[in-house]
Structures are given as C-alpha cells and as structure tokens.
Amino acid sequence: MVSSRCSNLKKKKQIVSKESKAKKPIASRGKKEKKDPNKPKRPPTPFFVFLEEFRKTFVAENPHVKAVAAVGKAGGDKWKTLSDAEKAPYVAKANAKKVEYEKSMKAYSAKQDKASDDAEEGSDANEESEEEEEDDD
C-alpha cells in the first residue's frame, strides 16, 4: 500500500512539474549592447578602496591562503569592525575618485554627443543632396 502511494505521488509531481514548465512563457533574450571600451569605469566604493589596501596586508600576513573568497570575507569582517573615524580616509579617497570619474564621464559624454551630432549632420547633408538631385530631374 505504501509503495503504491509513493508511486502515485511521484506521478502527480511529474504531472505538476510538466504543467508548470508548459505554462511558463519563454523569455526572449534581446541582444545586449556592446560595452564601449572607451567609457570610464565606475569609481570604487569606500569598501573597495579599503579592500585594495587590506588585500596587500592580508596576503603578506597569510601567504598560504590563496582563495579570493577568504580574503574578501576577512576584509568584510574587518570593515564591519572599523569605526566611522577609521573609515573616513577610505571614504575621502572614494569621494575623490568619484569626482574624477564624474569629470571623465562629462568629457566622455561630450565626445559621444559630438560624434552623434556629426553623424546626424552627415545624414542631413546626404538627405539635402538627394533632394537637390530630385529637384534637378
């Protein structure tokens, strides 16, 4: 009796799983835009500024530990124990990098706008020359 119940349960689970798979709409994946290699990288957070420095000291103290996860975990634990005053230099460095990033993004955006304006002007000039050719006919 117990074995028949188990087999019935397995059949029901299979049926339910088939139904749930059938009902899910298939998500169409659009093509991702390619990243522009000239675009500036986003600035690091204060934690990542701290982690750069911490990683050097951790590896020097623990040369046998090769796992990246171990370094990250130790860095996270250390970051949690730091007071706001101890975190302040890392916050200042991160803010400086953020300001630098914003400047470079403005320059990058200006280049992109100029390039798109040039492309639009070129297409406008082509349209005007085509219209002139049509008028001549």
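Residues numbered from 1 in each chain as written. Predicted model: local features only at pLDDT ≥ 70, side-chain atom pairs only at ≥ 80, totals over all residues. Heavy atoms only, no water.

As recorded by an unreviewed UniProt entry, the protein chain carries the name HMG box domain-containing protein and is attributed to Ceratopteris richardii. In its Subcellular location (unreviewed entry) section, UniProt records this for the protein chain: "Nucleus". (UniProt positions renumbered as here; feature names shortened; annotations may be inferred.)

**Let's talk about the overall build of the protein chain**
Within the protein chain one finds 4 helices and 0 strands. Along the chain direction, N to C, the helices and strands of the protein chain fall in the order α-α-α-α. Counting over 137 residues, the protein chain shows a buried share of 12%. The long-range share in the protein chain, meaning contacts at least 24 apart out of those at least 6 apart in sequence, stands at 77%. (Helix = DSSP H or I, 4+ residues; strand = E, 2+ residues; numbered from the N terminus. Buried < 20%, exposed > 50% of the residue type's maximum accessible area, 1.4 Å probe, protein only. Contact = heavy atoms within 4.5 Å.)

**So, the pattern of salt bridges**
Going through the model one piece at a time under the given rule, you end up with 2 salt bridges. Glu52 serves as the salt-bridge partner of Lys97, at 4.0 Å between the closest nitrogen and oxygen. Taken together, the residues Lys97 in helix α4 (residues 84–136) and Glu52 in helix α2 (residues 46–61) connect sequence positions 45 residues apart. Exposure remark for Lys97: the relative accessible area of 33% places this residue in the partly exposed category. (Salt bridge = Lys/Arg side-chain N within 4 Å of Asp/Glu carboxyl O.)

**Thoughts on the packing of α2 against helix α3 (residues 68–81)**
Across the interface, α2 lies against α3 with an axial gap of 10 Å and an inter-helix angle of 120°. Between α2 and α3 lies a crossing of right-handed hand. Between α2 and α3, the contacting residues are Pro46, Phe47, Phe50, Leu51, Phe54, Arg55 and Phe58 on the first element and Ala70, Val71, Ala74, Gly75, Gly76, Lys78 and Trp79 on the second. Residues that form the contact of α2 with α3 fall into these classes: 10 nonpolar, 2 polar and 2 charged. (Axes fitted to C-alpha atoms, helices over the stretch in contact; angles between N-to-C directions. Left-handed = near helix turned anticlockwise from the far one by under 90°. Nonpolar A, V, L, I, M, F, W, Y, C, P; charged D, E, K, R; others polar.)

**Concerning a positive patch on the surface**
A contiguous patch of positive charge on the surface is contributed by Lys32, Lys35, Lys39, Arg42 and Lys98. Summarising the element assignment, Lys98 is placed in helix α4. Look at Lys98 and you get partly exposed, because its relative accessible area is 43%. (Patch = residues over 30% accessible without salt bridge, like charges linked within 9 Å, V, L, I, M, F, W, Y side chains within 5 Å. Areas by Shrake-Rupley, 256 points an atom, 1.4 Å probe, with all protein chains shown as cover. Lys, Arg positive; Asp, Glu negative; His and termini not counted. Charge placed at Lys NZ, Arg CZ, Asp CG, Glu CD.)

**Brief notes about a negative patch on the surface**
Residues Asp113, Asp117, Asp118, Glu120 and Glu121 make up a contiguous surface patch of negative charge. Among the residues examined, Asp117 registers a relative accessible area of 38% and is labelled partly exposed.

**Looking at α3**
Taking 1.5 Å of rise per residue, the 14 residues of α3 would be expected to cover 20 Å, and the 20 Å separating its terminal C-alpha atoms lies within 8% of that figure. Among all positions in α3, only Val71, Gly75, Gly76 and Trp79 are buried. Buried residues of α3 fall within an arc of 135° about the axis and therefore sit on the same side. Seen from the buried face of α3, the exposed residues on the opposite side, beyond 90 degrees, are Ala69, Lys73, Lys80 and Thr81. (Expected span 1.5 Å × (residues − 1). Arc of directions from axis to C-beta.)

**A look at the nonpolar core**
Of all hydrophobic cores here, the largest spans 10 residues; its members are Val49, Phe50, Leu51, Phe54, Phe58, Val71, Trp79, Leu82, Tyr90 and Ala94. Elements represented by at least two residues in this core include exactly α2, α3 and α4. When residues of this core are assigned to their parent elements, the largest contribution, 5 residues, is made by α2. With residues near it in sequence (within four places) discarded, Phe50 still touches Gly75, Lys78, Trp79, Leu82 and Tyr90. (Core = buried A, V, L, I, M, F, W, Y, C linked by side-chain atoms within 4.5 Å.)

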